[in-house]
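Here's the letter readout for the chains.
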Amino acid sequence: MEGGSIRRGMTGRGATHGRHPVVFHRLVLGPVLTLLVLLAIETSNRWFFTIPNPAVIYFTAVVFAAFHGGIIPGLASAAITLIYAAFFFSTPGAPFTFTPDNFARMLVLLVSTPAVAVMVGFLQRRAEHTTALLRDRESAEAASRIKSAFMASMSHELRTPLNAILGFSEMLERGYWGAVNAKQKEYLGDIRHSAAHQLALVNDLLDLERIEAGMTELVEEQVLLREEIDKSLKLIEERARAANLTLTIDAPEEIAIQADRRRVRQIMINLLSNAVKFTPPGGRVTVEASASPQTGLSFAVVNSGARLSDADIRRILKPFQQIDTGIAYAYEGTGLGLPISKGLAELHGGSLEIVNRRNDGTAVIVRFPANRVLERAGGARTPPSAAA
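This report concerns the structure included in the present document. (Residues numbered from 1 in each chain as written. Predicted model: local features only at pLDDT ≥ 70, side-chain atom pairs only at ≥ 80, totals over all residues. Heavy atoms only, no water.)

### Looking at the pattern of salt bridges
Across all of its chains, the model carries 12 salt bridges by this definition. The residue E170 makes a salt bridge to R174 at a minimum N-O spacing of 2.7 Å. You can call E170 partly exposed: its relative accessible area is 30%. One salt bridge in this structure joins E228 and R261, with 2.9 Å as the shortest N-O distance. Placement of E228 in helix α6 (residues 225-242) and of R261 in helix α7 (residues 261-278) is noted, with a sequence separation of 33 residues between them. Here E228 falls in the buried class, since its relative accessible area comes to 0%. (Salt bridge = Lys/Arg side-chain N within 4 Å of Asp/Glu carboxyl O. Buried < 20%, exposed > 50% of the residue type's maximum accessible area, 1.4 Å probe, protein only. Helix = DSSP H or I, 4+ residues; strand = E, 2+ residues; numbered from the N terminus.)

Structure (structure tokens):
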């Protein structure tokens, strides 16, 4: 035990000695070189020739000390220089007494030398900080590239077996290779639902990764919003019926936008699924929409569930974050639907926000800019620029 303590102590001292010399070197090198420079100037003045403009050398020594070590070594070098200059410019035989010209020179040095030290030291600190930020950014970009490559690889490695599980379990459940009893059919259904849930999670993770990495590309076309609302409602109406919820639409038929059809439907399904989960039995979920070439598109999914606090709203817009409203949900979630929808809306130049309604309930509002709204004239949809 005692020997182990000694070894640990020696290791600690060795590590300390390995770190401190670098700092000590940076703090001391500038002032020491300043002393050597001033000694060289004095030696030259006494034994060889008088240096005509030593102030330039003073400033150079201070700049080097501040740039190499920072503000403190720079100020130490400035102090050493000022002490030497006070003797250098003093009247011979009367230390610290100056002629008017020399007093003016000392005053300039007294003001400018510390100022140069502080300025150069500050710039040196900023340069080090910028270098560290660039190094961190390069590391982050490298990590992002590795993560993107990993996610692309896992996309194939995870989706392939999950799709196989989904396909074979459904075929077994339907009796393609012989009849199955009720218990076996129940187990096969559980397997299929679990695989579908895992596949949805993988797809959500990949979508979020692509959005955050700026790798999602929009395939834009003319989209009738009401058609996408109707199709999205059909996908969740069974869940809504099981929860005794009423689904309503308050959106005109003629709204047309220039957007990625699949992404618009993905946003709609995510918002409707969330609304169904957060609405108590007997409640209502409404899809509202309005648009014009002047104000843009706004569509909202409104539910009659509990109002959310500001902290809860900020929380659920972050990945993997969920809140507990006391409702027993029949469907689990990953906490990715809203962040993905927000990212997809922003890819279209729009936004997503959550607001509480005056009565009970919340609304998730998605807005697209005015240049995405298309006008319909005589059954045809043309962009505002073409109509003008």
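### A word on the nonpolar core
Core analysis: the biggest nonpolar cluster contains 41 residues, and L225, L271 and F299 have the highest contact counts within it. At seven residues, the largest contribution of residues to this core is made by α7. Apart from the residues within four sequence positions on either side, L271 is in contact with F299, V301, L338, S341, L352, V364 and V366. Core analysis: the second largest hydrophobic core is formed by six residues, L166, A195, L199 and V202 among them. (Core = buried A, V, L, I, M, F, W, Y, C linked by side-chain atoms within 4.5 Å. Contact = heavy atoms within 4.5 Å.)

### Remarks on helix α9 (residues 337-347)
Summarising burial for α9: eight of the 11 residues are buried, a large majority. Taken residue by residue, α9 has G337, L338, P339, I340, S341, G343, L344 and A345 as its buried positions. Contacts made by the buried residues of α9 are with α5 (182-212), α7, α8 (310-316), β6 (351-356) and β7 (362-368). Immediately beyond the C-terminal end of α9, within one or two residues, lies G349, with a positive phi of roughly 80°.

### Thoughts on the pairing of strand β4 (residues 284-292)
As a general feature of sheets, a regular strand has side chains that alternate between the two faces. The sheet contact formed by strand β2 (residues 246-250) and β4 spans five bridges and is parallel. From the neighbouring strand, D250 faces β4, where its bridge partner is E288. Bridge count for β4 against strand β5 (residues 296-303) is eight bridges, and the pairing is antiparallel. From the neighbouring strand, E288 faces β5, where its bridge partner is A300. (Pairing = 2+ DSSP bridges.)

### Some points on the packing of α6 against α7
Running from N to C, α6 and α7 cross one another at 35°; their axes reach a closest spacing of 9 Å. Crossing handedness for the pair α6 and α7: right-handed. Packed against α6, whose contacting residues are L225, E227, E228, I229, K231, S232, L233, L235, I236, R239 and A240, the element α7 presents R261, V264, R265, M268, I269, L272, S273 and V276 at the interface. Residues of the contact of α6 with α7, tallied by class, amount to 11 nonpolar, two polar and six charged. (Axes fitted to C-alpha atoms, helices over the stretch in contact; angles between N-to-C directions. Left-handed = near helix turned anticlockwise from the far one by under 90°. Nonpolar A, V, L, I, M, F, W, Y, C, P; charged D, E, K, R; others polar.)

That's the geometry; what it means functionally is another story.
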